[in-house]
Amino acid sequence: MIKDEELLNRVDKSKLPRHVAIIMDGNGRWASYRGLLRSAGHSAGVKTLKKILTVAVNLKLEALTVYAFSTENWKRPHAEVDFLLHLFSEYLEKEKREMHEKNVRINFLGRWEEFSTGIQNQIRDATSLMKNNTGVKFSIAANYGGQDEILRAAQKLADDVAKGKISPAQITSELFESALDTCELPPVDLLIRTSGDLRISNFLLWQAAYAELWFTNTTWPEFSPEEFVDALIDFSKRDRRFGGLSS
């Protein structure tokens, strides 16, 4: 077992990504491999999230965003959706104080106002509690879809045009980004997906335009701080050209 200090020292702090996004996939597969209910996989995944956030805090990453519940997840069986929402609520209640003590600033992406009143209040409370913190910007994408986010931003700007607040010619990339849920975050530098699938599943489509992609067959409950650090080290070795040529 690698000690925390030794693990963190493996990373070149000068070459860290500013914004890491993670598709936390494979909870159900992890559970089925073990003959357990899918709910057991989701519970195990929460424990992994806590470990990865701790690494992000210790490395002083600027931003970490995780895909917790997509707009498509409502299609799952009602019992699983109910459990996921309960787990989400439980996570906020149990972890918000510790996150606050670690100077984490929490944020929520997506149409979370469609959740129950109780969860909405928890989201507002957690956001308010940590609003002045200056550490890792930890964003949870909940009832989120990248296409939906882009559509909502376009509708907002179209409404501003209709009201005469702006003209179509004034809609720049910068203005469009200001209408996105991630308006306070830098672009995604590194996007990680666990559990073997090689797609980004409608996650941060605008923000990940030039993200480096890192895939692993490891399921999310098994994803360790060591493997997270491996992804960060791999990122530090990438030649990022952004459409240009290497210098």
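### Here we look at the layout of surface pockets
Looking at the largest pocket, its volume works out to about 700 Å³. Surrounding the largest pocket, 31 residues form its lining, Met 24, Asn 27, Tyr 67, Ala 68 and Asn 73 being those nearest its centre. Mapped onto the lining of the largest pocket, the elements with two or more residues apiece are α2 (27-33), α3 (38-59), β2 (63-70), α4 (78-101) and β4 (137-144). Of the residues assigned to the lining of the largest pocket, the class counts are 16 nonpolar, eight polar and seven charged.

### Here we look at the environment of Pro 168
Assignment of secondary structure puts Pro 168 in the loop between α6 (146-162) and α7 (173-178). As for Pro 168 and Ala 158, which are separated by ten residues in sequence, their C-alpha atoms are 8.2 Å apart.

### Here's the deal with the packing of aromatic side chains
Within the structure shown, the criterion is met by eleven aromatic pairs. A centroid spacing of 5.0 Å and a plane angle of 80 degrees characterise the contact between Phe 69 and Trp 74, whose relative ring orientation is edge-to-face. Aromatic rings pair up to connect Phe 69, Trp 74, Phe 88, Phe 108 and Phe 115 into one cluster.

### Overview of the environment of Ala 141
Checked against the element boundaries, Ala 141 lands in strand β4. Along the primary structure Ala 141 and Phe 69 are separated by 72 residues, whereas in three dimensions their C-alpha atoms are 6.5 Å apart. Non-local contacts of Ala 141, meaning those with residues more than four positions away in its chain, are made with Val 66, Tyr 67, Ala 68, Phe 69, Leu 109 and Phe 203.

### A short note on the side chain of Glu 212
Along the polypeptide, Glu 212 turns up in strand β6 (residues 212-215). Among the polar contacts listed, one links the side chain of Glu 212 to the side chain of Arg 238, at a separation of 2.8 Å. Contact partners of Glu 212, with chain neighbours within four places excluded, come to Asp 189, Leu 190, Leu 191, Phe 235, Arg 238 and Arg 240.

### Thoughts on the nonpolar core
Counting 49 residues, the largest nonpolar core has Ile 22, Phe 138 and Phe 228 as the members making the most contacts within it. Apart from residues no more than four positions distant in its own chain, Phe 228 is found in contact with Val 20, Ile 22, Ile 52, Val 55, Ala 56, Leu 61, Ile 192 and Phe 223. Counting twelve residues, the second-largest nonpolar core is a separate cluster that includes Ala 21, Leu 191, Leu 204 and Ala 208.

### As for the sheet that holds β6
One open sheet accounts for six strands, arranged β3-β4-β2-β1-β5-β6; its pairing is parallel. Of all the strands in the sheet, the pair left with one neighbour each is β3 (105-109) and β6. Here the strands of the sheet are splayed against their neighbours by 20 degrees on average, with no regard to which way each runs. The sheet contact formed by strand β1 (residues 19-23) and strand β5 (residues 190-193) spans four bridges and is parallel. Among the inter-strand pairings, Val 20 is bridged to a residue of β5, identified as Leu 190.

Rules and cut-offs
Residues numbered from 1 in each chain as written. Predicted model: local features only at pLDDT ≥ 70, side-chain atom pairs only at ≥ 80, totals over all residues. Heavy atoms only, no water. 1 Å grid on protein atoms, 1.4 Å probe; cavity = no way out; pocket = protein on both sides within 12 Å on 5 of 7 lines; lining within 4 Å. Points joined across faces, edges and corners; volume = space filled by probe spheres on them. Helix = DSSP H or I, 4+ residues; strand = E, 2+ residues; numbered from the N terminus. Nonpolar A, V, L, I, M, F, W, Y, C, P; charged D, E, K, R; others polar. Phe/Tyr/Trp six-rings, centres within 6.5 Å; stacked < 30°, edge-to-face > 60°. Contact = heavy atoms within 4.5 Å. Polar contact = N/O pair within 3.5 Å; in protein donor to acceptor, adjacent residues only side chain to side chain. Core = buried A, V, L, I, M, F, W, Y, C linked by side-chain atoms within 4.5 Å. Buried < 20%, exposed > 50% of the residue type's maximum accessible area, 1.4 Å probe, protein only. Pairing = 2+ DSSP bridges. Axes fitted to C-alpha atoms, helices over the stretch in contact; angles between N-to-C directions.

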